[in-house]
Amino acid sequence: MPASAATYERIVYKNFSEYHYMKVCLEFQDHGVGLNVAQFKQLLVSALKDLFGEVGAALPLDVLTYEEKTLSAILRVCSSGVVKLWSSLTLLGSYKGKKCAFRVIQVSPFLLALSGNSRELVLD
């Protein structure tokens with residue numbers, strides 16, 4: 001009885017996630033500026049609108065978590081809009097006449113990946 005040849009099939013999965021997650025932080029030149037979550041979301045939408053018009057403002061965007069003390073948030077955006085959101089945040093320079101800048105800390109198609117940062121890992 002001859003041995004049958006083993007057949008192998010290579011399967012490649014494209015990582016197409018519906019959403020991407022971004023961890024961002026807003027920094028002001030002058031300290032003491034505070035925003036609540038509604039003002040923060042409005043700032044994001046206005047940044048998109050300034051760069052991409054009404055189409056940019058209509059981009060599906062969710063603020064999943066927000067910390068008023070540090071002005072940091074985790075955002076969920078559709079994968080097709082990551083570049084638009086990132087570029088509009090990069091080009092945003094002021095809020096109500098006060099100079100500010102967004103810092104994009106992490107981006108991932110997986111929310112769980114934002115839970116830790118290997119650069120800040122401390123081993124005992």
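See the structure printed just above.
Each chain carries its own residue numbering, running from 1 in the written order of its sequence. Owing to the predicted nature of the model, reporting of local features is limited to residues with pLDDT of at least 70; listing and counting of side-chain atom pairs is limited to 80 or more, with chain, interface and lining totals taken over all residues. Derived side-chain values reflect all non-hydrogen atoms in the structure, with water molecules and hydrogen atoms excluded from consideration.

We now examine helix α2 (residues 82–91). Only protein chains enter the accessibility calculation, which uses a 1.4 Å probe; a residue whose area is less than 20% of its type maximum is buried, one above 50% is exposed, and one in between is partly exposed. In DSSP terms, a helix is any run of H or I states spanning at least four residues, a strand is any run of E spanning at least two, and both are numbered starting from the N terminus. The complete set of buried residues in α2 reads Val82, Leu85, Ser88 and Leu89. Down the axis of α2, the buried set is contained in an arc of 140°. They therefore lie on one face. The exposed set on the far side of α2, more than 90 degrees from its buried face, consists of Val83, Thr90 and Leu91. Along its buried surface, α2 packs onto β1 (19–28), α1 (37–57), β2 (61–67), β3 (72–78) and β5 (98–108). Think of the arc as the fan of directions from the helix axis to the C-beta atoms. For this analysis, residues touch if any pair of their heavy atoms sits within 4.5 Å.

The next point concerns the side chain of Ser88. When you line up the elements, Ser88 lands in helix α2. Given the relative accessible area of 2%, Ser88 is considered buried. In contact with Ser88, other than residues within four places in its own chain, are Ala47, Leu48, Leu51 and Phe52.

All right, on to the state of the cysteines then. Pairs of cysteine sulfur atoms within 2.5 Å are what we label disulfides. Per the counting criterion, the structure on display carries zero disulfides. In this model Cys25 remains outside any disulfide bridge; the closest cysteine sulfur is found in Cys100, 11 Å from its own. Looking at Cys25, the relative accessible area reads 15%, which means it is buried.

With that settled, the discussion passes to the packing of aromatic side chains. Any two rings among Phe, Tyr and Trp, with Trp reduced to its six-membered ring, count as a pair given centres within 6.5 Å; such a pair is stacked if its planes are under 30 degrees apart, edge-to-face if over 60, and tilted if neither. A full pass over the atoms with the stated rule returns three aromatic pairs. Seen in terms of ring centroids, Phe28 and Tyr95 are 6.3 Å apart; in terms of plane orientation they differ by 65°. Their pairing is edge-to-face. Pair noted here: Phe28 is in strand β1 and Tyr95 is in strand β4 (residues 94–95), with a separation of 67 residues, a long-range link. Of the two residues, Phe28 and Tyr95, neither departs from the other in class, the shared state being buried. A connected cluster of aromatic rings, assembled from ring pairs, spans Phe40, Tyr66 and Phe102. Placement of a charge over a ring requires the Lys NZ or Arg CZ to be within 6 Å of the ring centre, with the centre-to-atom vector within 35 degrees of the ring normal. The ring of Tyr19 has Arg76 sitting right over it, with the charged end atom 4.5 Å from the ring centre.

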